[in-house]
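Listed below are the residues making up each chain.
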Amino acid sequence: MKKWRGLLGACALLVGNVAFAQVQDMPGGPRVNQLNLHEGVTQIARDVVWLHWMMLTICIVIFVGVFGVMFYSMWAHRKSRGHKPATFHEHLGVEVAWTVVPFLIVIAMALPATKTVVAMKDTSSPDLTIKVTGYQWKWGYEYLDGEAAGLKYLSTLSTPRAQIENREPKGEFYLMEVDKPMVVPVGKKVRVVLTAGDVIHSWMVPELGVKQDAIPGFLRDTWFNADKVGTYRGQCAELCGKDHAFMPIVVDVLSQADFDKWAGEQKKLLAAEADDPNKEWTGPDLIARGEKVFAANCVACHQANGKGIPGSFPPLDGDKVVLGPKAGQINTVLKGKPGTAMAAFGGQLNDTEIAAVITYTRNAWSNEGKGEDPVVQPKDVAAAR
């Protein structure tokens with residue numbers, strides 16, 4: 001029995017070591033056994049790391065000094081050695097010392113910290129401004145100026161559901177990969193203007209030294225200036241709902257020439273994919289388009305089989321709103337449903353995408369042929385806005 005236990009223990013240890021060996025540092029993201037802050041690729045990030053170590057050093061020195069004196073006094077002046085407690089009540093020198101010394105320490109800590117915080121908030125004279133909108137659970141990027149002015153798209157988690165549901169091995173960038181990253185040029189001051197479309201989110205990329213809350217109804221801004229080409233990863237740092245962990249951020253920092261090339265390609269692609277809101281679509285075409293929209297925006301909550309998540313998200317398969325008049329579902333998708341987790345998609349999707357996804361849900365699963373208004377056209381959505 002002991003022999004088999006030893007063999008099983010050795011096998012378990014071997015398997016554990018092999019599994020551990022396969023885990024590697026994520027480029028631009030978290031590292032294995034990372035205990036310290038990211039070194040960063042911006043001056044702000046490096047200043048934050050320096051402040052961290054400075055504050056920690058001061059705290060350690062104070063801790064050792066105070067408790068060292070305290071324990072030495074207790075040991076060296078204990079009663080068993082014949083020492084008697086002092087009877088004085090005041091000592092001007094001690095009182096001045098314990099007032100002045102902490103004051104000087106606070107000033108020494110506050111000056112460099114204040115300098116860094118002021119620099120963090122100085123968003124003046126940017127080379128590029130990007131509006132970032134947080135949604136459950138994706139990010140919307142809109143370029144307001146520069147070579148990419150006019151570009152607007154959503155950035156969504158691209159990790160396959162099969163990995164999340166443990167039906168296939170985890171990838172290298174598990175839960176830290178997106179379909180469309182933010183793209184910026186190296187060596188340029190990028191101003192990020194943040195808001196949210198539903199609940200509070202937080203845009204955080206440690207390597208860039210950036211963390212700023214996105215609050216519905218408010219515009220807040222921050223900035224970064226990356227001095228190294230590469231891909232940098234972060235996550236929403238605010239508990240924003242059920243799929244909070246599935247809201248990563250990826251920033252690609254390119255050379256100026258590559259950024260200009262990317263911007264030109266994206267504008268051409270955007271023009272080619274632009275939807276005509278007046279076009280009359282056939283039912284099959286809308287269903288095919290809607291299936292892709294559903295997979296990108298709705299599947300996390302309502303599931304691929306349309307059954308939803310009991311207690312959190314209602315099923316769409318057999319739902320009375322989906323099978324009822326189209327006006328009700330159009331209004332729900334456009335404006336959301338207050339008091340529930342159903343977000344408003346009017347600002348995220350265009351008329352064609354909303355018409356397509358509604359048409360898909362009305363013809364998917366067991367809904368086909370059962371409800372009213374099986375086909376919804378973009379003009380129907382435009383009229384309801």
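Note that the structure is predicted; figures quoted are calculated from it, not measured.

Moving on to the overall build of the protein chain. Counting its regular elements, the protein chain contains eleven helices and ten strands. For a compact globule of 385 residues, the expected C-alpha radius of gyration is about 21 Å, and the protein chain comes in at 29 Å, more than 25% above that figure. Over its C-alpha atoms, taken along the principal directions, the protein chain stretches across nearly 100 × 75 × 45 Å. For the protein chain, the proportion of its 385 residues judged to be buried stands at 36%. Once local pairs closer than 6 in sequence are excluded, the contacts in the protein chain between residues at least 24 apart make up 64%. For the protein chain, the separation between the mean place of its 41 positive charges and that of its 40 negative charges on side chains is 9 Å.

A word on the packing of helix H2 (residues 43–76) against helix H3 (residues 92–121). In contact at an axis separation of 11 Å, H2 and H3 are set at 165° when each is read in the N-to-C sense. Put simply, H2 runs roughly antiparallel to H3. Classified by chirality, the crossing of H3 by H2 is left-handed. Packed against H2, whose contacting residues are Ile44, Asp47, Val48, Trp50, Leu51, Met54, Met55, Ile58 and Ile62, the element H3 presents Ile105, Ala108, Met109, Pro112, Ala113, Thr116, Ala119 and Met120 at the interface. For the contact of H2 with H3, the residue count by class is 15 nonpolar, one polar and one charged.

With that settled, consider the environment of Tyr153. For Tyr153, the position within the fold is in strand E3 (residues 152–155). With 23 residues separating them along the chain, Tyr153 and Ile130 place their C-alpha atoms 11 Å apart. For Tyr153, the contacting residues outside a window of four places in its chain are Trp139, Gly140, Tyr141, Tyr143, Lys180, Pro181, Met182, Val183 and Trp262. A polar side-chain atom of Tyr153 sits 2.7 Å from the main-chain carbonyl oxygen of Pro181.

What UniProt calls "domain: Cytochrome c" (unreviewed entry) maps, in this numbering, to residues 285–365. Measuring from the first to the last C-alpha atom of residues 285–365 gives 17 Å, for a span that is 54% helix and 0% strand.

Residues Gln329, Ile330, Val333 and Leu334 constitute the buried set of helix H9 (residues 326–335). Down the axis of H9, the buried set is contained in an arc of 130°. They therefore lie on one face. When the buried face of H9 is taken as reference, the exposed residues oriented beyond 90 degrees from it are Ala327 and Lys335. Where the residues of H9 are buried, they touch helix H8 (320–323), helix H10 (351–363) and helix H11 (378–384). Positioned one or two residues after H9, Gly336 has a phi angle of 75°, which is positive.

To continue, consider the UniProt feature "transmembrane region" (unreviewed entry) in the protein chain. Using the residue numbers shown here, the UniProt feature "transmembrane region" (unreviewed entry) corresponds to residues 50–72 and 92–111. Annotated as residues 50–72, this span is 100% helix and 0% strand, and its ends, taken at the C-alpha atoms, are 32 Å apart. Spanning residues 92–111, this segment combines 100% helix with 0% strand, and its end C-alpha atoms are found 29 Å apart.

A cluster of nonpolar residues, Trp53, Leu56, Ile60, Ile62, Phe63, Val64, Val66, Phe67, Met70, Phe71 and Met74, forms a patch on the protein surface that exposes about 1,000 Å² of accessible area. Of note, Phe63 is situated in helix H2. Among the residues examined, Phe63 registers a relative accessible area of 52% and is labelled exposed.

Basis of the calculations
- Residues numbered from 1 in each chain as written.
- Predicted model: local features only at pLDDT ≥ 70, side-chain atom pairs only at ≥ 80, totals over all residues.
- Heavy atoms only, no water.
- Helix = DSSP H or I, 4+ residues; strand = E, 2+ residues; numbered from the N terminus.
- Rg over C-alpha atoms; globule rule 2.2 N^0.38 Å.
- Buried < 20%, exposed > 50% of the residue type's maximum accessible area, 1.4 Å probe, protein only.
- Contact = heavy atoms within 4.5 Å.
- Lys, Arg positive; Asp, Glu negative; His and termini not counted.
- Charge placed at Lys NZ, Arg CZ, Asp CG, Glu CD.
- Axes fitted to C-alpha atoms, helices over the stretch in contact; angles between N-to-C directions.
- Parallel < 35°, antiparallel > 145°, perpendicular 65-115°, else oblique.
- Left-handed = near helix turned anticlockwise from the far one by under 90°.
- Nonpolar A, V, L, I, M, F, W, Y, C, P; charged D, E, K, R; others polar.
- Polar contact = N/O pair within 3.5 Å; in protein donor to acceptor, adjacent residues only side chain to side chain.
- UniProt positions renumbered as here; feature names shortened; annotations may be inferred.
- Arc of directions from axis to C-beta.
- Patch = residues over 30% accessible without salt bridge, like charges linked within 9 Å, V, L, I, M, F, W, Y side chains within 5 Å.
- Areas by Shrake-Rupley, 256 points an atom, 1.4 Å probe, with all protein chains shown as cover.
- Salt bridge = Lys/Arg side-chain N within 4 Å of Asp/Glu carboxyl O.

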